[in-house]
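# Structural features, examined
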Amino acid sequence: MSKCSSGTCGSKKASGCGSADAAVAQQNTAIAASLDRIKNKILVMSGKGGVGKSTVSVNLALGLAQKGYKVGLMDVDLHGPDIVRMLGMSGRMDGELTKDGKMPPLQYNDKLKVISLESMMENRDDPIIWRGPLKNQAIRQFIADVNWGELDYLVIDAPPGTGDEPMTVAHTIKDAKALVVTTPQNIALADVRKSINFCKHVSMKILGIVENMSGFICPHCDKPVDIFKTGGGEQLATEFSVPFLGRIPLDARVVIAGDDGKPYLSSGATSPAIQAFEAFLAKVEKELPVIQTAATSIPMAKGASSCGCGSGPCNPNTCDC
Ligand SMILES: Nc1ncnc2c1ncn2[C@@H]1O[C@H](COP(=O)(O)OP(=O)(O)OP(=O)(O)O)[C@@H](O)[C@H]1O
Ligand SMILES: [Mg+2]
Ligand SMILES: [Zn+2]
């Protein structure tokens, strides 16, 4: 790659900067074309580490796919990618391209496509030692060069904080909406304020706040126990006038499921944590519906008919009418 990619070095003619400009322009076009086919983009973020961003991303993507949507899951936690492991996927992307010269994403099932740097590495335990511009480029390539096809939702799992990765997402995907994950402790709530202010700074709309690890599910009786004060996430949502997307309790089965690479939502259990995930999913669907078009990918539910909402054939699972 040429040294200058911004076109501001003043050496356009002498050093071939013009060709770098052309490459950036070409990539911008590819990014726009990819994004054009993705209806909703959700950036899962938090000012704090370990609050459950990846867990929420995986279960959100999987839950939406289980409802019949076409979903992509993009892991932009480049230094600590977790998604592939949490989904128990061992496949590697071998660099073979599709007919249109794009990289095929990993396929978790026929509704869920996944991309992560981890699946492109020779050795998964190698550390990624990259600075801003390289990370920016990797994320742009995840969008431009991957064959995402038509998607209803793209869920993007960010690393903690407000650094290069969420910044690149905000600049590259202008219509991405932030889903802020928090836990009930005061320190985590203080970080949410930072995330919200970050969103304001980069003009990213906020889809809402979800309070994870909110209360504890007793492994003996499945009853919730408030070990931390709960409800802080909801208060913050009210304070900032953004939607509150729900509370997900701390449940040991969520950890085991993540470690085993079998996301808890796919377990078929009917525990309070599963119910909480389902309520959260319904809230996300309501806040960010897939606009029904002729090419909509939502299968019509059995016995469903035109329901008068004006959007054509209607799926009662996804329509509020
Ligand atoms: N509701 C929950 N109940 C129990 N354990 C949970 C819950 N949510 C997340 N965890 C566990 O907490 C740990 C951290 O979760 P996760 O990796 O999703 O957080 P993260 O915010 O993505 O972390 P990082 O900032 O390192 O990317 C994991 O072991 C995960 O299984
Ligand atoms: Mg994570
Ligand atoms: Zn109990």
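Keep in mind that this is a model prediction, so the values were computed, not measured.

The secondary structure content of the protein amounts to ten helices and nine strands. The burial tally for the protein puts 43% of its 321 residues in the buried class.

A few words now on the site of ligand 1. In the vicinity of ligand 1 lie 21 residues, with Gly49, Gly52, Ser54, Thr55 and Gly258 positioned nearest. Within the residue set of the shell around ligand 1, elements represented by two or more residues are α3 (53-66), β7 (205-217), β9 (244-250) and α9 (252-260).

Next up on the list: α3. When the terminal C-alpha atoms of α3 are compared, their 20 Å separation across 14 residues agrees well with the 20 Å that a helix rising 1.5 Å per residue should span. For α3, the buried fraction is high: 13 of the 14 residues fall into the buried class. Gly68 lies just past α3 and shows a positive phi near 105 degrees.

Let us look at the packing of helix α5 (residues 132-144) against helix α6 (residues 164-172). For the pair α5 and α6, the least separation of the axes is 9 Å and the interaxial angle reads 45 degrees. Between α5 and α6, the angle is such that the two are oblique. Our pair here, α5 against α6, has a crossing hand that is right-handed. Here α5 contributes Gly132, Lys135, Asn136, Ile139, Arg140 and Ile143 to the contact with α6, which in turn contributes Asp164, Glu165, Thr168, Val169 and Thr172. Per-class residue counts for the contact of α5 with α6 are three nonpolar, four polar and four charged.

This part is about the environment of Ile196. Assignment of secondary structure puts Ile196 in helix α7 (residues 186-201). Distance in space between the C-alpha atoms of Ile196 and Ser46 is 9.1 Å, their sequence separation being 150 residues. In this structure, Ile196 is in contact with Val180, Ile206 and Phe240, ignoring residues within four places of it in sequence.

Take unusual backbone geometry next. A positive phi angle, close to 55 degrees, is found at Ser203, a residue other than glycine. Within the element layout of this structure, Ser203 appears in the loop between α7 and β7. One non-glycine residue with positive phi stands out, namely Ser241, at about 55 degrees.

This part is about the pairing of β7. When a strand is regular, its side chains alternate between the sheet's two faces. For β7, the tally of buried residues reaches eleven of 13 residues, placing the bulk of the element in the interior. As judged from the six bridges shared by strand β6 (residues 177-182) and β7, these two strands associate in the parallel manner. Residue pairing in the sheet places Thr182 in a bridge with Glu211 of β7. As paired strands, β7 and β9 are joined by five bridges and run parallel to one another. Its bridge partner being in β9, Glu211 is matched across the sheet by Arg247. Bridge count for β7 against strand β8 (residues 224-225) is two bridges, and the pairing is antiparallel. Bridge assignment links Ile217 to a residue of β8, and that residue is Pro224.

Next up on the list: the confidence of the model for the protein. Scored by pLDDT, the protein has a mean of 82; 81% of the residues are at 70 or more. In the model, residues 1-15 has pLDDT below 50 throughout and makes 19 contacts with residues more than four positions away in sequence or in other chains. Confidence over residues 294-321 falls short of pLDDT 50; this stretch has 41 contacts with residues more than four positions distant or in other chains.

As a packed pair, α3 and helix α10 (residues 272-287) sit with axes 10 Å apart at the nearest point and diverge in direction by 70 degrees. Between α3 and α10, the interaxial angle falls into the category roughly perpendicular. Contacts between α3 and α10 pair Asn59, Leu60, Gly63 and Leu64 from the former with Phe277, Leu281 and Val284 from the latter. A per-class count over the contact of α3 with α10 returns five nonpolar, two polar and no charged.

A few words now on the environment of Ile274. Tracing the sequence through the fold places Ile274 in helix α10. Along the sequence, Ile274 and Asn59 sit 215 residues apart, while their C-alpha atoms lie 9.8 Å from each other. With residues up to four places along the chain from it excluded, the contact list for Ile274 reads Tyr264, Leu265 and Ala269.

Analysis parameters
Residues numbered from 1 in each chain as written. Chains lettered and ligands numbered in written order. Predicted model: local features only at pLDDT ≥ 70, side-chain atom pairs only at ≥ 80, totals over all residues. Helix = DSSP H or I, 4+ residues; strand = E, 2+ residues; numbered from the N terminus. Buried ≥ 20, exposed ≤ 12 C-beta atoms within 10 Å, placed from the backbone. Near = placed C-beta within 6 Å. Expected span 1.5 Å × (residues − 1). Axes fitted to C-alpha atoms, helices over the stretch in contact; angles between N-to-C directions. Parallel < 35°, antiparallel > 145°, perpendicular 65-115°, else oblique. Left-handed = near helix turned anticlockwise from the far one by under 90°. Contact = placed C-beta atoms within 7 Å. Nonpolar A, V, L, I, M, F, W, Y, C, P; charged D, E, K, R; others polar. Pairing = 2+ DSSP bridges. pLDDT = per-residue confidence, 0-100.

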